[in-house]
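Coordinate analysis (summary)
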Amino acid sequence: MRRSADVDALQHVLCAALGSRAPVCSLARLGHSAGIRLGRGDGAGPGPDTEVSEALVPAALERPTLIGGGAPYAPTSPAPTPDAVDELVRRAEALDVPQILVPRVRRSDDTSALRAAGFVPVAADSECVVRIPGEVDDVLRNRVGAGQLRDLRRRHRAVSRDLTWERIPLGELDGNPWARDAFVKLHQSHVERHGGSHSPYNADALDALAHSAPGRRTEMFVRRRENTVVQAGLLTTSHNGRGIYHLTQATDHNDPVARRNLHLASLYRLYLHARRSGLEWVHLGSGDTRRARRLGADLFVPLDHWLRAPGLAHPAGEGEEEWELSPFAAPSVASVPIPGPARFRHRPRFDLVDLSGNTNPFLVPESHYPELDTAELARTYLATLSTLPGHDGLEALGPDHLLFTSGAVDGVMLLLAALASSGERVCVTPPTFELYAHFARVLRLPVVEVPLRGDDLNGLDTERILAADARVTVLCDPNNPVGTRLDPERVRDLVTRSSGLVVIDEAYVEFSEKPSYAPLVARHDNLIVLRTLSKAWGLAGARCGIALADPGLIDALRRVQVPFGFTNASQHAVRDRLTNTRRPLASIRLIRAERDRMAAALAAHPAVERVFPSDANFLLVRLREHQRVVERLRGAGILVADTGHLVPATCRISIGNRRANAVLLEALSAAS
């Protein structure tokens with residue numbers, strides 16, 4: 001529906017709806033059906049949220065306007081080329097029409113020609129897409145949660161008992177006049193219910209659409225009880241054959257079934273139809289993103305209406321917002337762009353015939369590259385995190401503050417490569433996770449060690465760290481292998497006073513009852529917080545880490561990251577876990593309780609000299625006969641992490657289930 005041929009055809013359909021030779025009418029007449037609403041949109045992403053002056057709104061709504069797109073019949077209008085814009089302006093002048101509207105243009109399109117011709121962007125809603133990579137129920141469960149899925153299925157079953165589901169190709173409407181009449185009547189009633197008077201989906205428009213190029217891919221769907229039509233709408237298959245556009249639907253709200261939220265039930269039925277037809281997505285049109293999320297949408301593309309009107313000028317300096325690259329980026333990184341595929345991650349490809357990837361077209365869907373636009377998954381992650389204790393203030397972060405990595409360890413490698421140059425120091429605080437120093441040395445970065453102090457190995461020597469003048473300081477909190485937390489006042493002091501970057505690895509923070517440092521990212525452009533879904537969320541196999549940082553730092557990391565490393569299968573698993581949180585959150589509580597029980601049992605064991613306090617899902621244990629006990633455990637088929645080279649005479653014991661923990665205690669007794 002974004003092809004120029006389709007847009008030209010839909011222009012003729014709009015003319016038929018208006019009863020005119022040219023697509024000219026007031027915006028008030030298009031109104032609700034085209035989503036024309038002058039003013040700010042929903043803020044779904046960075047872009048030109050220009051607000052038209054209140055004094056201009058009434059005049060703009062009533063003024064004759066040349067419509068330069070397929071509205072209200074197409075989901076979006078492709079941004080016109082310079083030649084097409086010139087033709088629009090000439091046509092408006094020839095028709096003596098003072099105003100031009102190009103509706104619903106994606107912000108990711110090249111809109112420079114519109115801007116140069118004096119068009120002003122007016123934020124609209126986002127277009128909402130439900131991608132269906134697997135069985136419908138599995139997909140919806142990881143998008144909306146098991147409870148919402150049960151509700152959708154219940155509504156679908158209830159409606160299906162009372163109403164049929166029929167699809168009629170538009171070319172066969174002549175043989176089904178009852179369907180045409182019901183469609184027109186329901187849509188006219190729909191417009192009147194919303195305060196309008198003219199339905200753009202009248203009989204003339206329907207006939208014109210049926211005889212157009214997109215009409216050959218379009219069906220009418222009807223839900224009826226015997227001879228009474230309760231709902232009617234239009235579905236169009238995309239020109240690439242991979243998805244379906246849900247163009248419109250209208251419902252008889254006086255019918256008792258309609259009052260049981262027929263809209264939701266019909267959408268669920270449409271998802272089933274799409275999946276059984278081998279389609280990969282359903283386009284819901286444009287609208288409220290929060291509502292669309294509850295319907296399973298996972299791709300949201302911000303839109304703008306572009307208006308050229310008398311007295312309307314674009315504010316000086318106003319344009320699409322782009323984050324500036326962080327000054328912490330290494331010079332070699334600052335001189336190169338984000339790799340091609342990732343640079344265009346916000347440009348949707350679902351409705352294109354994509355011949356750019358050189359993959360096997362006969363082995364889909366596995367031959368498709370992973371999705372690069374993970375903004376919606378980032379919102380899901382942040383929304384889930386904000387419900388956890390210790391994450392107050394996280395609402396200040398958005399998708400631009402987040403980068404998914406192949407595990408948190410990959411995030412360490414990325415940030416060292418992107419933010420440190422040869423000869424710049426990396427500071428670590430042993431005992432700590434060994435790969436920090438390992439990756440620094442691989443990248444030929446000198447490593448400075450400032451050991452933790454105190455009996456619990458949680459004392460941060462802030463002054464020595466600052467004196468080291470490191471480009472990057474990496475803290476592990478909760479600490480691995482010790483399990484303790486650092487003094488938060490000292491950590492915040494270090495972040496505030498450091499001239500370099502401070503990285504806090506919070507791989508185990510969900511097991512702690514103390515706050516996360518993630519909300520501080522919004523206030524400190526030198527702070528990076530690393531998280532992972534491998535530990536508390538139980539997704540080690542999905543390889544999903546998260547870097548939270550200033551958007552300018554995230555931009556630098558993207559320039560180093562290999563595109564397509566976050567697979568579709570991993571994205572699916574992550575979304576499912578973040579949406580259905582009951583089990584993982586319950587398991588975290590179980591691990592905490594089992595950790596405390598095991599700490600007490602081990603502290604009382606004769607083979608153990610000391611158990612360190614822990615805010616993680618493991619315990620660091622100092623053994624009386626370290627080497628002998630570790631070897632005996634290995635001989636008993638039990639593997640623990642031998643950390644004696646980091647903290648003398650110790651091993652790190654992960655918290656297992658009750659059975660595994662009982663086996664460990666029994667083996668310890670045999671070894672003592």
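Structural notes, computed from the coordinates. (Residues numbered from 1 in each chain as written. Predicted model: local features only at pLDDT ≥ 70, side-chain atom pairs only at ≥ 80, totals over all residues. Heavy atoms only, no water.)

Some remarks on the pairing of strand 14 (residues 472-476)
The cut-off we apply is this: The cut-offs for exposure are 20% and 50% of the maximum accessible area for each residue type, with area from a 1.4 Å probe on protein chains only; residues under the lower value are buried, those over the upper are exposed, and the others partly exposed. Only DSSP runs of H or I with at least four residues qualify as helices, and only runs of E with at least two residues qualify as strands; both kinds are numbered from the N terminus onward. Paired strands are those between which DSSP finds at least two bridges. Crossovers are described as right-handed under a simple rule: with the strands pointing away from the observer, the path leading from the first strand over the helix to the second runs clockwise.
Burial analysis of strand 14 places 5 of its 5 residues in the buried class, which makes it a mostly covered element. Here strand 14 shows a buried face lined by V472, V474 and C476 and a second buried face lined by T473 and L475. Examined bridge by bridge, strand 12 (residues 426-428) and strand 14 share 3 bridges and lie parallel to one another. Bridge pairing links C427 to T473 in strand 14. Sheet topology note: the strand 14/strand 15 (residues 501-505) ladder contains 5 bridges and is parallel. When the bridges of strand 15 are listed, T473 appears paired with V502. On the question of chirality, the crossover connecting strand 14 to the parallel strand 15 by way of helix 18 (residues 488-497) is right-handed.

Section: the sheet that holds strand 14
Strand pairing in a sheet is mediated by backbone hydrogen bonds. Such pairs are either parallel or antiparallel. Heads up, the rule is: In this analysis an axis means a line fitted to C-alpha atoms, helices contributing only their contacting stretch, and an angle means the value between N-to-C directions, from 0 to 180 degrees. The criterion used for residue contact is that any of the two residues' heavy atoms lie within 4.5 Å.
With respect to topology, 7 strands assemble into an open sheet ordered 11-17-16-15-14-12-13, the strand pairing being mixed. Because the sheet does not close on itself, it has two edges, and the strands there are strand 11 (402-405) and strand 13 (447-449). Shown here is a sheet whose adjacent strand axes are inclined to one another by a mean of 20°, direction ignored. Lying over the sheet, helix 19 (residues 551-560) contacts strand 11, strand 15, strand 16 (527-532) and strand 17 (545-548), oriented at roughly 30° with respect to strand 11.

Focus on helix 18
Quick reminder of the rule: Here, the arc refers to the directions that run from the helix axis to the C-beta atoms. Polar contact is defined as a pair of N or O atoms within 3.5 Å, subject to the rule that within protein one atom must be able to donate a hydrogen and the other to accept it, and that residues adjacent in sequence are counted only when both atoms are side-chain atoms.
Within helix 18, burial applies to V491, L494 and V495. For helix 18, the angular spread of the buried residues around the axis is 95°, confining them to a single face. Summarising the geometry of helix 18, the exposed residues directed more than 90 degrees from the buried face are E489 and T496. The backbone nitrogen of E489 has a side-chain oxygen 3.0 Å away, supplied by the residue at the start of helix 18, namely D487.

Focus: the pairing of strand 6 (residues 218-225)
Most of strand 6 is tucked away, with 6 of its 8 residues classed as buried. As paired strands, strand 5 (residues 166-169) and strand 6 are joined by 4 bridges and run antiparallel to one another. The residue bridging R167 from the neighbouring strand is F221, located in strand 6. Here strand 6 pairs with strand 7 (residues 228-237) via 8 bridges, running antiparallel. Paired with R225 across the two strands is T228, which belongs to strand 7. The hairpin turn running from strand 6 into strand 7, its antiparallel successor, is 2 residues long, and E226 in that turn takes a positive phi close to 55°.

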